[in-house]
Amino acid sequence: MINIEKYWENPNVLQVNRESPRSHYIPYADAAAAATEKRGNSPFYQTLNGNWKFRYVGGVNEVTEEFYRDDADVSAWDDLIVPSCWQMKGYDQKHYTNVNYPFPCDPPFVPDRNPAGLYVREFAVSEQWNRKEKYVVFEGVNACFYLWINGRFVGYSQGSRMPAEFNIGAFLRPGVNRMAVMVLKWCDGSYLEDQDAWRFSGIFRDVYLLARDSQHIRDVFIRQELAEDFRRAVLRVEIETKGTVPVRLELRDANNEPVCQNSGLIEGNGAVELTVANPVLWNAEQPVLYRLFIAGGNEVLLFDVGFRKVEIKDSVFMINGVAVKLKGVNRHDFHPELGQTIPVSSMIKDLVLMKQHNINTIRTSHYPNDPRFLSLCDKFGFYIVDEADLECHGVLSAGHYAKSSFHLLTNHPEWEAAFVDRAVRLVERDKNHASVVIWSMGNESGYGPNHMAMARWTKQRDPSRIVHYEGAAPRYEGNPDTACLDVASEMYPSLDYVEAYAVNEHEKKPLFLCEYSHAMGNGPGDLHEYWELFYKYPKLMGGCVWEWVDHGILTATPEGVPFYAYGGDFGDHPHDGNFCIDGLVTPDRKPHNGLKELKQVIAPVTFTAVDLQTGKIQVANRYDFRDLTHVAIYWKVEKDGELDQQGIIWDIAAKARDAQTIVLPYTLPEASTGAYVLTLSCRLKQATEWADAGHEIAFAQFALPVARVAESVARVSQEPIRLNRNGSKVEVNGFDFQHVFDLQAGTFVQLRKNGVDLLVEPAAFTVWRAPTDNDRNIKHEWIKEGFHEAVMKVYQAEIAGQTEQSVEFRVQFSLGAPIYHPILHGEALWRVDNTGGLSLQTHVKVREGVVFLPRFGLRLTMPQGMEEVEYFGFGPHDSYMDKRHSVRQGKFALRVDELTEYHIMPQESGSRHETEWAIVTNEQGMGLKFSGDRTFSFHASHYTPEALTSAGHWHEVKKRPETIVHLDYKMSGVGSNSCGPELLNKYRLDEREFTFAIAITPLFKED
């Protein structure tokens, strides 16, 4: 075994020879090079990214010291790209776990069989660096590492998502040098890194060398003080030097024009001040940045500066004196092929999508992101909740969920230094970013003295921002000492709790929901109600949806079928299954419909009808800082989904947090056979760095006041109905149709028009849907009641009446499953007229005590080839009772496969809430039309609920060639109860008695 100190199980040793943390920067030779912000343009920067020689060892006790020796032969080792996560390159076990530690909870000890990654590379140093000090910077290494250069031990570091910098000049030699790094999978710090994520290892962020003058600027802290009226700003630039350094400061505005400058001589620690008159303020809506160039000796450092003030006043969170709502998401670092190694292009893609969907806040859950990510947030405009690399959730389950167990490590004095170290390194690295408005002391780690020490140090070091930590929520542990925290924070509280807090005068802190809605699978469905409260009460800051991206690893079946894998797919144990598939976007960053819902719910522009008869509409500006001169309002009037009138209003200028009334020049008839709908779309006038001109910010629809008159019936058949009975089967024959009703089955078993079969299985009532991820709790109650295997019992079926024009069938039935009493009883009255049209009226009584139903409706299986779907209702994507703000009413034409949203875990999706009519046909227009006396929930798919229920991935689902149609009285909402609160009562199909009517018309569309 290698002969080294066993630092990885000693919480008192967090580093050896590591430099003190500092702000993030790259030194350049001059201002012009610095202005490019391209690290490669600096002669003082040298990347060590690229191929390293690599060996994976199953346990550190198998490592011998030969590997780091100067003459070690590593030529036969593998090549591994740095940065990377070694599990994504075929080494070790891919492993996903949420709460539970993947090793015995015995802090500070980790398993003796502790895997190690051995990295070796050779590098040369430019002769121009001969008289300079040399440093190596590791931006991120999971979980701890030892460093050798030319066979000599340099140092040790732990703390995975924070930089580690070492002065290596004394270890270098002329010519070729050799660097060896031993990375261990686990260390005592792993107890503090129990985030809900895949457990990746290795050198996963950038590695580079820096050359510095012997006397140089070591650290910079740009503090700012804004006058009360914001017309004057003072930058106090605190500079720490190594040696004595003459410094020159120049501030330039967004147009690169000089604003002010100053100079000084700094020895050790000092400050230089700059005064700015009438600064243009930074905010997420208008992220105006100044550039501060700091020349020290032969080096130039560049920092973006955003003038802004963060404060809490009268229990309200404010930026630049304005109350701001945080419209946020939680974002893990994740890439489906690279793991936690995130290319800049992927960061930009995330930010562009967020801007396009009206998100203004990111919580870096639950660790500091790559420093370049924050620089991008400064530029794009986001408010950042910057979170320390700290979560020890596993102590809770290890302690059998006793409340006291959650506080094991935060209460332990031996761990205080480790806790505080994570706050210090977070703050020191990111303190100069305008986007960072909140420091967060980690996540789900209990609450105790060690957290208090973190928060107190943070407030002392940087009082210009507020300090957050959710684990101190009063509802968890009575009333802990939270004086060191500036906000109250909660995860997934009920709406009642949120409102009670908002009106409680004794609660003086603003409330921030760092996680409030769970986007897992088909969801979230509870966004709108939260935002009604957020806007209603000033004390409520807003919140962050959990989470941004599905953590699915791109892999393939043995047959080569690609799919996204989740916990357990790689034989990992313990695991939490698909709980990592819980994002608003897919792993490859395609928006889920839940993201579209969030976009509309938090939209910064809203519309209110003032007088629809005369076209008066109020446009409300919910931006906090900018007016609406950058947008135009596109409007159109449709009659039954067909365009009738349209136009554009260019003159929109409502100031921030104000409104204006516009008049749309449409004309309306007094009465019509059709319904008139007004659609308003707020769009960008000009392209931005995150969207093209014409990008939609928000929309609204209004039903226009046009009286409806009945439309004359277009089709009448003079042919009488003829019945032929063969046992229990009754043939209903007409001029061009032949339907069959089975009295024994109590339903139609054949629908046929002009010899074309339109039904291939008996029509059936059903209450089951494939459980969504957000049904993960309630589905156990549904299964207990047998909803998933409920079958129809026919008590009586009879011909209830017959004329030449129609025939009626009455059926007394129930739906039930083994063990329990029937779920419901019902009476169905079927009617067939002499055109071949069917109507169904069902009266249902649900058994008392039965939990709310997933759905109730009729299921029809139509033959292969029925691929064309046309409907009038809401679209273009799916909608539910509680997830419908992002859809608009209209007439839509899609193919069956386009109706389904393919979540990584197969589940219910694709339903269309409040559909007025729908038509399903083959390519030639032969099929069925569905309509009701009221709107209904419509669903068409090639997948049965049963097939979806039993599958874990889409490649496991049997796709039917037939088209399965569901015509539902109602479908319960989707909510976010995979982690969030229970589905609201108003979104449940919880009625004990109801009546459902639907009409089914065989048709040939071209006739």
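Residues numbered from 1 in each chain as written. Predicted model: local features only at pLDDT ≥ 70, side-chain atom pairs only at ≥ 80, totals over all residues. Heavy atoms only, no water.

(A) The overall build of the protein, seen in detail. A count of helices and strands for the protein gives 13 helices and 60 strands. In terms of C-alpha radius of gyration, the protein reaches 33 Å, essentially the compact-globule figure of 30 Å for 1007 residues. Dimensions of the protein, computed from the C-alpha atoms along their principal axes, are close to 105 × 65 × 55 Å. The buried share of the protein, taken over its 1007 residues, is 62%. In the protein, once contacts between residues fewer than 6 apart in sequence are set aside, the share between residues at least 24 apart is 72%. Accessible area for the protein stands at about 37400 Å²; split by element, carbon and sulfur atoms hold 47% of it. Separation of charge centres in the protein, based on 104 positive and 135 negative side chains, amounts to 2 Å. (Helix = DSSP H or I, 4+ residues; strand = E, 2+ residues; numbered from the N terminus. Rg over C-alpha atoms; globule rule 2.2 N^0.38 Å. Buried < 20%, exposed > 50% of the residue type's maximum accessible area, 1.4 Å probe, protein only. Contact = heavy atoms within 4.5 Å. Areas by Shrake-Rupley, 256 points an atom, 1.4 Å probe, with all protein chains shown as cover. Lys, Arg positive; Asp, Glu negative; His and termini not counted. Charge placed at Lys NZ, Arg CZ, Asp CG, Glu CD.)

(B) Inspection of the packing of helix 8 (residues 495-503) against helix 9 (residues 527-536) at higher detail. Where helix 8 meets helix 9, the closest approach of the two axes is 10 Å, and the angle between their N-to-C directions is 0 degrees. Taken together, helix 8 and helix 9 sit at an angle that is classed as roughly parallel. Where helix 8 approaches helix 9, its residues Leu495, Val498 and Glu499 are matched on the opposing element by Glu529, Tyr530, Leu533 and Lys536. Of the residues that constitute the contact of helix 8 with helix 9, the class distribution is four nonpolar, no polar and three charged. (Axes fitted to C-alpha atoms, helices over the stretch in contact; angles between N-to-C directions. Parallel < 35°, antiparallel > 145°, perpendicular 65-115°, else oblique. Nonpolar A, V, L, I, M, F, W, Y, C, P; charged D, E, K, R; others polar.)

(C) Spotlight on the sheet that holds strand 2 (residues 45-47). Read across the sheet, four strands follow the order 2-15-7-11 without closing on themselves; strand pairing throughout is antiparallel. Looking at strand neighbours, the two that pair on one side only are strand 2 and strand 11 (164-167), the edges of this open sheet. Each neighbouring strand pair of the sheet contributes to a mean axis angle of 20 degrees, computed without reference to strand direction. Where strand 2 meets strand 15 (residues 207-212), three bridges bridge the pair, whose relative direction is antiparallel. Along strand 15, the bridge assignment pairs Tyr45 with Leu210. (Pairing = 2+ DSSP bridges.)

(D) Here's a closer look at the nonpolar core. If you look at the biggest cluster of nonpolar residues, it comprises 149 residues, and the most contacted ones within it are Phe67, Met182, Trp548, Leu598, Phe607 and Leu678. Looking at this core, the element that brings in the most residues is helix 5 (residues 416-430), giving seven residues. Ignoring any residue separated from it by four or fewer positions in sequence, one finds Leu678 in contact with Leu612, Ile617, Trp635, Lys636, Val637, Leu664, Tyr666, Ala700, Gln701, Phe702 and Leu704. Core analysis: the next-biggest nonpolar cluster, separate from the first, contains 66 residues, Ile721, Leu840, Leu928 and Leu989 among them. (Core = buried A, V, L, I, M, F, W, Y, C linked by side-chain atoms within 4.5 Å.)

(E) Spatial organisation of the sheet that holds strand 34 (residues 605-611). Taken in spatial order, the three strands line up as 34-35-38 in an open sheet, and their pairing is antiparallel. Each edge of the open sheet carries a strand with a single partner, namely strand 34 and strand 38 (659-663). Ignoring strand direction, the axes of neighbouring strands in this sheet form an average angle of 25 degrees. Examined bridge by bridge, strand 35 (residues 616-621) and strand 38 share five bridges and lie antiparallel to one another.

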